[in-house]
Structure formats: C-alpha cells, structure tokens
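# Summary of structural features
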Amino acid sequence: MSTQILAVLAVTVAVAAFVQGSSGLGFALIVAPVAGILDPGLVPVFVLASMIPLNLYVAWRERSSLDLRGAGWITGARLAATPAGLAVLWLIPERSLGLFVGGATVLAAVASLTVPAFTPGRAAYVGAGAVTGLTETATGVGGPPLALVYQHRPPAELRSTVAACFLIGEVASLALLFATGKGEVTELGQAVVLLPAIAAGAWLSRLVHHRLDARRMRLFVLVFALVSGLVLMLRA
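Residues numbered from 1 in each chain as written. Predicted model: local features only at pLDDT ≥ 70, side-chain atom pairs only at ≥ 80, totals over all residues. Heavy atoms only, no water.

Turning next to a nonpolar patch on the surface. A cluster of nonpolar side chains, Leu113, Leu219, Val223, Val227 and Val231, forms an exposed patch at the surface whose accessible area comes to about 380 Å². In terms of residues, the nonpolar patch owes the most to one element, helix 11 (residues 214-235), which gives four residues. Tracing the sequence through the fold places Val223 in helix 11. (Patch = residues over 30% accessible without salt bridge, like charges linked within 9 Å, V, L, I, M, F, W, Y side chains within 5 Å. Areas by Shrake-Rupley, 256 points an atom, 1.4 Å probe, with all protein chains shown as cover. Salt bridge = Lys/Arg side-chain N within 4 Å of Asp/Glu carboxyl O. Helix = DSSP H or I, 4+ residues; strand = E, 2+ residues; numbered from the N terminus.)

Here we come to the side chain of Glu187. Take Glu187: it is sitting in helix 9 (residues 185-193). Despite its burial, Glu187 pairs with no opposite charge; the closest candidate is Lys182, at 9.5 Å N-O. Non-local contacts of Glu187, meaning those with residues more than four positions away in its chain, are made with Gly41, Val45, Phe46 and Lys182. (Buried < 20%, exposed > 50% of the residue type's maximum accessible area, 1.4 Å probe, protein only. Lys, Arg positive; Asp, Glu negative; His and termini not counted. Contact = heavy atoms within 4.5 Å.)

Attention now goes to the side chain of Ser205. Note that Ser205 resides in helix 10 (residues 195-208). The class of Ser205 is buried, set by a relative accessible area of 0%. Among the polar contacts listed, one links the side chain of Ser205 to the backbone oxygen of Ala202, at a separation of 2.6 Å. What Ser205 contacts, discounting residues up to four positions off in sequence, is Ala17, Phe18, Gly21, Ser22 and Arg61. (Polar contact = N/O pair within 3.5 Å; in protein donor to acceptor, adjacent residues only side chain to side chain.)

Our next topic: helix 4 (residues 68-91). When the terminal C-alpha atoms of helix 4 are compared, their 35 Å separation across 24 residues agrees well with the 34 Å that a helix rising 1.5 Å per residue should span. Remark: the principal bend of helix 4, roughly 35 degrees, maps to Ala81, with a proline, Pro83, within the next four residues. All of the buried residues in helix 4 are Gly70, Ala71, Ile74, Thr75, Ala77, Arg78, Ala81, Thr82, Gly85, Leu86, Val88 and Leu89. Of the surrounding secondary structure, the elements contacted by the buried residues of helix 4 are helix 5 (97-114), helix 6 (122-139), helix 7 (143-150) and helix 8 (155-179). (Expected span 1.5 Å × (residues − 1). Bend = angle between axes of the 7 residues up to and from the residue.)

Here we come to the nonpolar core. With 55 residues, the main nonpolar core has Val13, Phe27, Val31, Phe46, Val47, Leu54 and Leu146 as its most contacted residues. Among the elements that take part in this core, helix 3 (residues 45-61) stands out by supplying nine residues, more than any other. (Core = buried A, V, L, I, M, F, W, Y, C linked by side-chain atoms within 4.5 Å.)

Let us look at the packing of aromatic side chains. In total, this model carries one aromatic pair according to the counting rule given. Looking at Arg63, its charged tip hangs above the ring of Trp60, at a distance of 3.7 Å from the centre. The ring of Trp90 has Lys182 lying over it, and the distance from NZ or CZ to the ring centre is 4.7 Å. (Phe/Tyr/Trp six-rings, centres within 6.5 Å; stacked < 30°, edge-to-face > 60°. Lys NZ or Arg CZ within 6 Å of the ring centre and 35° of its normal.)

Structural remark: α-helix, 3.6 residues per turn; residues separated by three or four positions point the same way. End to end, helix 2 (residues 27-38) covers 16 Å across 12 residues, agreeing with the expected 16 Å (1.5 Å per residue, within 8%). The buried fraction of helix 2 amounts to 10 of the 12 residues, a majority that puts the element mostly inside the structure. By the burial criterion, the buried members of helix 2 are Phe27, Ala28, Leu29, Ile30, Val31, Ala32, Pro33, Val34, Ala35 and Gly36.

What follows covers the pattern of salt bridges. Applying the stated criterion across every chain, the model contains four salt bridges. With its nearest N and O atoms 2.8 Å apart, the salt bridge here joins Glu62 to Arg61. Note that Arg153 and Glu157 form a salt bridge whose closest N and O atoms lie 3.1 Å from each other. Residue class for Arg153 comes out partly exposed when judged on its relative accessible area of 42%. Within this structure, Arg61, Glu62 and Arg159 form a network of salt bridges that share partners.

Remember, this is a structural readout, not a statement about activity or role.
Here is the structure:
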C-alpha cells in the first residue's frame, strides 16, 4: 500500500469513525466506495476488520440503551444470511467487484432516503438482518437496513443496537471469509495500521454524539455514499 493511499484511507476512516460514532451509521457507506476506488482488494475484509474496534467501543459506551429483543432477531437472521454473502463473492468476477460494491452502495443510499417511516416488528428485524448479512459479507456495506429499522428510535438506541449487531456479524463474516480462502491475514494488518485514525474519530464522536444533529449527519452520509457509489460504478 503506497503512502498516498494510506494517507487517504487514514483520513477516510477517521471521518467515518466520527460519523458512525456520532450518528450510528455511515462507516461502511463512506469507507467501502473510497476503498473500492483506491484498491478493490480492500473490500470487504479491510472494511469489516476496521469496523470491529469502533463498534465494540460504541456498543459498550451506550450499552444501557441496547434493544436486546431487536438485536436478537437481527443477529439470528444476519448470521443465517452470511453464507449467501460469501456465495455472492464467489460468483462475481474480481473485475466486476467494483461495479457490485458501487451498485450496492447506491441502492442502500436510495432506499434509506426514500423508504417512509414505519414501526418495526419481528418481520422487519429479520428482513433487515438477512439483507445486512448478505450485503455486508459481500461488500462491507450493511448499515442502511438497520438504520431504516431504528431511524425513528432514540439516537442512543440506534447507535448501541446497530453497533452490537454489526460487531457480532462482522466477526462471523470475517471467520467465514478466512475459512473459505476469501480473506488473507495481510488484509487485517492494513486495518491494524489504521487503528489510530479509527480511535481518533471514535474519540471525537464521544465529545459530540449527545448533541449532534443526527438527521443532518445522516443526510450527509447518504448523499456522500450515493456520489461515491456512482463514481465507483463509472470507474468499473
């Protein structure tokens, strides 16, 4: 990895960690398309590995607001759908991965911007978990379905529950990717190198997460994801 790519990734993950630590979503939507543009080989292992320490921190910081019932249904469906995400990686040629990641990012952003408000039930939890398991394992992007389910819940509940669901799912996805030869240990090293940048973004989010305008932050993330996804598709 060149110094220039490392510098761009450091800034990107720091900003993404701040955004997700503050609003509850956005890390993968910001990092995945940028990583795909810089080096498609960074997706999905680098994105998944980078999110683990961030989500561990957020889930612990706001553990008192965790929705255990919703998290249980989401996680069960998420784990069940993880092999489907792996199958997608096996079926898509490497040269087309950028197009797939870009398309998934754009669809996720559009869905998040257009789906009307609703009260989630068991079916919504299971559906969000299943879609997240498929898309996050294949591309590293899985936040929008969970954000849709919790978008009208208290911000602390969204942040803690999404972080907890992500944490368990990311470990499961990485374990499956490594067990089937779709991940390499060197890719984890790239995430470790950028831990200081992730920590910096997470620390800054601690200072503002309780008073940040989450709706504006969410809109910024989704517009950024939409533009980045389109750029990635055009480059593919």
